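Structure assessment
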Amino acid sequence: HARETPRAPDRTERPVKKLAISLVLLLGLLVAADYGAASFAEYQVSQQVRKQLKLAEDPAVRMHGFPFLTQAVAGDYKDVEIAAKAVKVGQLNELGVEANLHHARLPLNNVVAGKVDRIDVDELVGRVKLKASDVGRIIGITDLTINPAPKDALEGTDGEQLADGTEGDPTKATVQLNGTVNIAGTDNGVQVIGVLSVLGGKLRIEPKKLELNNSAFGRISLPKIFEQSVFNMFTATIDPGALPFRVTPTAVRAERGALVIEGVSKNVTIGPGGVQAG
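Heads up: these notes are all about the structure in this document. Since the structure is predicted, the reported quantities are computational estimates derived from the model, not experimental observations.

1. So, the pattern of salt bridges
- In the structure shown here, the tally under the stated rule is 12 salt bridges.
- Across the pair Glu98 and Arg127 runs a salt bridge whose closest N-O atoms are separated by 3.1 Å. Linking Glu98 in strand β3 (residues 92–105) with Arg127 in strand β4 (residues 119–131), this pair joins segments that are 29 residues apart in sequence.
- As a salt-bridge pair, Glu255 and Arg253 come within 3.9 Å of each other at their nearest N and O atoms.
- Within the structure, one salt-bridge network assembled from shared partners comprises Glu98, Arg127, Lys129, Arg253, Glu255 and Glu262.

Laid out in structure tokens, this is it:
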């Protein structure tokens, strides 16, 4: 048999491998530097926001968008997300305070120097979240749960026309509330479909439909004589305090576990003199 001639090693393979490894390492270093710079900037913004909102703890700050360094060089951050939990305001002990700063302007030299004392924002979306535990404590229903109501939840009731009116109106929304109430001396689980509205910065809950979820008889409708008393338990007007950064509330909605009030403001400046909207 003819002996095969060994293939001579390709001298170009080793430099190519070294180059590939070097590029991977360089890319890893750039990504690490990008995340490190973002974390530093997020800390600076967190300190300024804590000061302006007079929070007990630093809020969580997340600067979205990759790469971060290109935004830092431009001094224009596309979306800065801010969130503070368990804020105490009036009757509320667990108020969630959130904001999205769209196109926040921060000069790079200020960030590097750790002197973020002024933030100019093209558009600021602020919101507060009223947790089910807080709302339940205020209305006296300790096991209250909150969920968005199905679109057809008020069909066939006196509230049908009003339910249709919530569509396209951001200041109104339907909500499903479940909890245990005492009716004629016995505890019963009830489901209430109500309408949320925001007026003068306050949140209004107006029950429109009620069902009794009784373990012995299944889900049934209550007689009118008891219905109004249960409606009264779920009717409430709650003041969540001012929205973050003095945003005027313009929308309300229900999400799982919370009632949300939201507003938008343009040309906002957050600085030593407080918060100013253009």
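Following the structure, the description resumes.
2. Considerations on the nonpolar core
- By size, the foremost hydrophobic cluster in this structure holds 61 residues, and its most contacted members are Leu101, Phe234 and Leu259.
- Broken down by element, the residue count for this core peaks at six residues, all from β3.
- Residue contacts for Phe234: discarding those within four places in its chain leaves Ile139, Ile141, Leu144, Leu177, Val181, Val190, Val192, Ile205 and Pro207.
- Counting residues in each nonpolar core, the second largest holds five residues, with Ala149, Ala153, Ile193 and Val195 among its members.

Reading the values: rules and limits
- Residues numbered from 1 in each chain as written.
- Predicted model: local features only at pLDDT ≥ 70, side-chain atom pairs only at ≥ 80, totals over all residues.
- Heavy atoms only, no water.
- Salt bridge = Lys/Arg side-chain N within 4 Å of Asp/Glu carboxyl O.
- Helix = DSSP H or I, 4+ residues; strand = E, 2+ residues; numbered from the N terminus.
- Core = buried A, V, L, I, M, F, W, Y, C linked by side-chain atoms within 4.5 Å.
- Buried < 20%, exposed > 50% of the residue type's maximum accessible area, 1.4 Å probe, protein only.
- Contact = heavy atoms within 4.5 Å.

Scope: geometric values only; no functional claims are made or implied.
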